[in-house]
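# Summary of structural features
Residues per chain, in single letters:
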Amino acid sequence: MMSELKKTPLYDKYVEDGAKVIDFSGWALPVQFSSIKEEHITVRENVGMFDVSHMGEIIVEGEKALDFLQYVLTNDASKMTDKKAQYTMICNENGGVVDDLVVYKLEENKYLLVVNAGNTDIDFEWLKSHQIDGVTITNVSSEYGQIAVQGPKTLEKLAPEVKEDISELKLFEFLKDVEIFGKNVILSQSGYTGEHGFEIYCKAEDTVAIWEALLNLGIAPCGLGARDTLRLEAGLPLHGQDLSAEITPYEAKMGFSVKLDKGDFIGKSVLEAQKADGVKRKSVGIELLERGIARTDYEVFDKEDNKIGYITSGTQSPSTGRSIALALLDPEFTAVDTEVFVQVRKKRIPAKVVKTPFHKN
């Protein structure tokens with residue numbers, strides 16, 4: 001029942017706007033406002049916005065904060081600045097991905113970790129279980145709202161509303177304590193759609209006012225459905241499907257987030273071996289050559305009917321009309337144009353390995 005689910009500060013706005021609300025990782029969130037396809041195309045061609053206030057926020061601070069992050073995260077946290085954020089991962093001892101996340105250096109010895117909603121409690125407990133002296137870890141998720149504004153016309157819409165120049169911000173750069181619509185926010189040039197855009201991190205109590213101001217600019221609200229089709233077209237992984245505690249960054253082709261030369265960190269020995277010896281399975285793009293949709297966990301076969309892997313994410317691409325998917329396959333079948341077969345219900349549909357991203361503006 002919706003009454004038992006967690007709600008973001010914008011829940012009443014969804015109801016008011018007639019959005020179709022679903023249970024997503026224990027949260028009541030909109031899957032669509034108009035239609036998934038319409039919202040998807042709006043983001044690809046114009047500008048749309050998403051409520052991502054369900055994402056978790058964890059503060060790590062103290063004199064040993066950097067040393068701690070270097071040990072529990074895969075990327076090199078020492079490379080962050082107070083304007084440059086970082087995509088990184090928490091891995092377990094086997095190299096599997098506990099979560100993928102973005103880290104912001106708010107000030108010297110103080111970092112904001114933005115984690116996936118369904119993993120907030122898991123991540124917090126994981127971090128606490130490895131806590132060292134000189135580090136404080138606080139779950140501040142309830143204090144934040146977050147709105148993602150995405151699409152080629154994002155800058156055109158937002159720039160006049162921000163008191164600082166945001167036109168030169170590059171991917172994963174951010175401004176803190178910047179004012180928009182009279183509210184102080186963190187403005188990050190990031191996103192999960194493959195389009196130009198920004199994430200607005202605000203006080204929870206300011207979320208509705210900012211959302212309404214964005215609506216007044218003519219920015220269309222979009223739901224989880226379009227968010228998923230957009231990120232898949234862009235070839236971006238979803239934790240719980242394309243990344244998991246059993247899938248490593250190298251298997252998921254996200255090895256850029258692993259820095260083996262920075263010193264010891266959890267999972268390093270396994271990841272070091274994978275980098276040296278190669279992985280036993282690898283994420284690739286798949287395109288079905290006949291009608292059908294490759295769903296998560298559907299099996300993939302070679303010409304001789306040998307199982308060679310499985311689908312991690314799949315959809316019908318609204319931008320291209322193609323049936324696309326990400327799959328974990330045996331390495332010998334990962335070359336572009338390799339012919340494979342996907343078991344879609346009772347039928348094996350021919351497919352081929354293709355380059356990702358599936359769509360790029």
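Residues numbered from 1 in each chain as written. Predicted model: local features only at pLDDT ≥ 70, side-chain atom pairs only at ≥ 80, totals over all residues. Heavy atoms only, no water.

## What about the pattern of salt bridges?
- A complete count under the given rule lists 16 salt bridges for this structure.
- In this structure, aspartate 242 and arginine 231 form a salt bridge, with 2.8 Å as the shortest nitrogen-oxygen distance. Here aspartate 242, found in the loop between helix H7 (224-233) and helix H8 (268-277), pairs with arginine 231, found in helix H7; they are 11 residues apart in sequence, far enough to count as distant.
- Among the residues examined, arginine 231 registers a relative accessible area of 1% and is labelled buried.
- Of the charged contacts in the structure, one is a salt bridge between glutamate 339 and lysine 303, with a shortest N-O distance of 3.8 Å. Here glutamate 339, found in strand S18 (residues 339-344), pairs with lysine 303, found in the loop between strand S15 (299-301) and strand S16 (307-316); they are 36 residues apart in sequence, far enough to count as distant.
- For glutamate 339, a relative accessible area of 34% gives the class partly exposed.
- Classification of lysine 303 as exposed rests on a relative accessible area of 56%.
- Salt bridges here are not isolated pairs; linked through shared partners, they connect Lys13, Glu16 and Glu212. (Salt bridge = Lys/Arg side-chain N within 4 Å of Asp/Glu carboxyl O. Helix = DSSP H or I, 4+ residues; strand = E, 2+ residues; numbered from the N terminus. Buried < 20%, exposed > 50% of the residue type's maximum accessible area, 1.4 Å probe, protein only.)

## Some points on the sheet that holds S18
- What the six strands build is a closed barrel, ordered S14-S17-S16-S15-S18-S19; its pairing is antiparallel. Neighbour to neighbour, the strand axes of the sheet diverge by 45 degrees on average, direction disregarded.
- Note that strand S14 (residues 282-288) and strand S19 (residues 347-354) share four bridges and pair antiparallel. When the bridges of S19 are listed, glycine 285 appears paired with valine 354.
- In the packing of H7 onto the sheet, the strands contacted are S16 and strand S17 (323-329), and the crossing angle to S16 comes to about 125 degrees. (Pairing = 2+ DSSP bridges. Axes fitted to C-alpha atoms, helices over the stretch in contact; angles between N-to-C directions. Contact = heavy atoms within 4.5 Å.)

## Some thoughts on the UniProt feature "domain: Aminomethyltransferase C-terminal" (unreviewed entry) in the chain
- UniProt's entry tags residues 281-360 with the feature "domain: Aminomethyltransferase C-terminal" (unreviewed entry), counted in the numbering of this structure.
- What you have in residues 281-360 is 0% helix and 51% strand, and the ends, taken at the C-alpha atoms, are 26 Å apart. (UniProt positions renumbered as here; feature names shortened; annotations may be inferred.)

## Some remarks on the environment of glutamate 143
- One can find glutamate 143 in the loop between strand S8 (136-139) and strand S9 (144-150).
- Remark: the alpha-carbon pair of glutamate 143 and glycine 56, spanning 87 residues in sequence, is separated by 10.0 Å.
- With residues up to four places along the chain from it excluded, the contact list for glutamate 143 reads Cys202, Lys203 and Ala204.

## Things to note about the packing of helix H2 (residues 36-45) against H7
- Close contact between H2 and H7 brings their axes to 8 Å; oriented N to C, the two are set at 50 degrees. Comparing the axis directions of H2 and H7 gives the class oblique. In this structure, H2 meets H7 at a crossing whose hand is right-handed. Between H2, through Ile36, Glu39, His40, Val43 and Arg44, and H7, the contact on the second element is made entirely by Gly225, Ala226, Thr229, Leu230 and Glu233.
- Residue composition of the contact of H2 with H7, grouped by class: four nonpolar, three polar and three charged. (Parallel < 35°, antiparallel > 145°, perpendicular 65-115°, else oblique. Left-handed = near helix turned anticlockwise from the far one by under 90°. Nonpolar A, V, L, I, M, F, W, Y, C, P; charged D, E, K, R; others polar.)

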